[in-house]
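An overview of the molecular structure
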Amino acid sequence: MPDFLGQFSTAVTPVLIEVKSSTSRTLSFRPDYLEKLQNYARLLKLPLLIAWKHHSAWTLFDAQQLVKAKKNFNIGFGKAFQHTLLCSLVGDVAYRIGAGAGVHLTFRKEKLVETVNNDDGFTETWMMRFEQFRCTDYNGHLIVDPENEIQSLFQTWDLKETQEHSPTHIVNSFVAHEDDGIQFAHTALVKLLAWETLDGETTNWRHLARKERVVRSIDNFRDALKLGLKRKVVFHILDIQPPEMPGFLSAKE
């Protein structure tokens, strides 16, 4: 039988969900294995969905999207992504931090501890004092009094680090770049949980599933993205829709 029975407010009926994890670009089901899942779904008269974790990204698609190859029933990650129901059914959302938005940490040099010569020149070790924290939007403008949600959105992104040196200061900048892709809320929440988890602790997913608030810094992720859009930190908010909505969803809408 499938792994989960799920009930969502966005659907007119519960759904059965079979969960798979694979780093291959193609997910494959043996005919006899898929037939058992489909028979169980037909017996209960419920839709059968496949949740596929590919590296850190999830897709959720109707099992009818599987196509028979020579022997097995397969689907590529590209097609699974195209037909994902995570946004429509679960409320997932994709977004992109605008290039140039980022955080900047300023440190004052107080005492030179050591200078080491090497093939590339030399390396200095300084005692420093933290002096300033700043956030900038994708136009490079200072964000005055950035909300916790804005700071947390930066924590979800793989910002690129650069350093600026002067005789008195070092500025560490962590900034989004033009060639960055998109991020999904479901992967962003995992990164936020990692920020909030102490060293040596493990994430208790069953405990989190029963909580109304998963992370401490954001109450509603979509609202945080809207705030980021207003603050010119978020550049795009995307709801991924399949080419054709399954009947159990379209009937609800």
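Residues numbered from 1 in each chain as written. Predicted model: local features only at pLDDT ≥ 70, side-chain atom pairs only at ≥ 80, totals over all residues. Heavy atoms only, no water.

Here the focus is the pattern of salt bridges. Once the charged atoms of two side chains with opposite charge are near each other, the side chains can pair. Considering all chains together, one arrives at 9 salt bridges under this definition. Close ionic contact of Arg 129 with Glu 110 constitutes a salt bridge, the shortest N to O distance being 2.7 Å. Of this pair, Arg 129 sits in strand β10 (residues 121-136) while Glu 110 sits in strand β9 (residues 102-118), placing them 19 residues apart in sequence. On the accessibility criterion, Arg 129 (52% relative accessible area) is exposed. By relative accessible area, which is 43% here, Glu 110 ends up partly exposed. (Salt bridge = Lys/Arg side-chain N within 4 Å of Asp/Glu carboxyl O. Helix = DSSP H or I, 4+ residues; strand = E, 2+ residues; numbered from the N terminus. Buried < 20%, exposed > 50% of the residue type's maximum accessible area, 1.4 Å probe, protein only.)

This part is about the nonpolar core. Inside soluble globular proteins, nonpolar side chains tend to come together where they are buried. Membership of the largest hydrophobic core comes to 24 residues, with the highest contact counts inside it found for Tyr 95, Ile 97, Phe 154, Phe 221, Leu 225 and Val 233. Elements represented by at least two residues in this core include exactly β8 (94-97), α4 (148-155), α5 (185-196) and α7 (221-230). The element that contributes the greatest number of residues to this core is α5, accounting for 4 residues. Apart from residues lying up to four places away in sequence, Ile 97 is in contact with Leu 153, Phe 154, Trp 157, Ala 176, Val 233, Val 234 and Phe 235. By size, the runner-up hydrophobic cluster in this structure holds 16 residues, among which are Leu 16, Leu 37, Ala 41 and Leu 48. (Core = buried A, V, L, I, M, F, W, Y, C linked by side-chain atoms within 4.5 Å. Contact = heavy atoms within 4.5 Å.)

With antiparallel pairing, the 3 strands of this open sheet are ordered in space as β3-β7-β6. The open sheet has two edge strands, β3 (26-29) and β6 (67-68), and neither has a second partner. Note: β6 against strand β7 (residues 73-76), 2 bridges, orientation antiparallel. For Val 67, the partnering residue across the bridge sits in β7 and is Asn 74. Running over the sheet, helix α1 (residues 31-44) touches β3 and β7 and is turned about 75 degrees from β3. (Pairing = 2+ DSSP bridges. Axes fitted to C-alpha atoms, helices over the stretch in contact; angles between N-to-C directions.)

Across 15 bridges, β9 lies against β10 in antiparallel orientation. Counted as the bridge partner of Lys 109 is Met 128 from β10. Where β9 folds back onto β10 in an antiparallel hairpin, the turn is made up of 2 residues. With 7 bridges connecting them, β9 and strand β12 (residues 169-175) associate as antiparallel partners. Bridged to Thr 106 within β12 is Val 171.

Phi is positive for Asp 145, close to 50 degrees, though the residue is something other than glycine. One non-glycine residue with positive phi stands out, namely Lys 232, at about 60 degrees. Structurally, Lys 232 can be placed in the loop between α7 and β14 (234-238). Residue classification places Lys 232 among the partly exposed residues on the basis of a relative accessible area of 35%.

Another point: the packing of aromatic side chains. Considering all chains together, one arrives at 8 aromatic pairs under this definition. Both rings, one in Trp 52 and one in Phe 77, keep their centres 5.5 Å apart while their planes meet at 85 degrees; by these two values the pair is edge-to-face. Of the two residues, Trp 52 sits in strand β4 (residues 48-54) while Phe 77 sits in helix α2 (residues 77-82), which places them 25 residues apart along the sequence. Residues Trp 52 and Phe 77 agree in their burial class; the two are buried. (Phe/Tyr/Trp six-rings, centres within 6.5 Å; stacked < 30°, edge-to-face > 60°.)

Coordinates in, geometry out; function isn't part of it.
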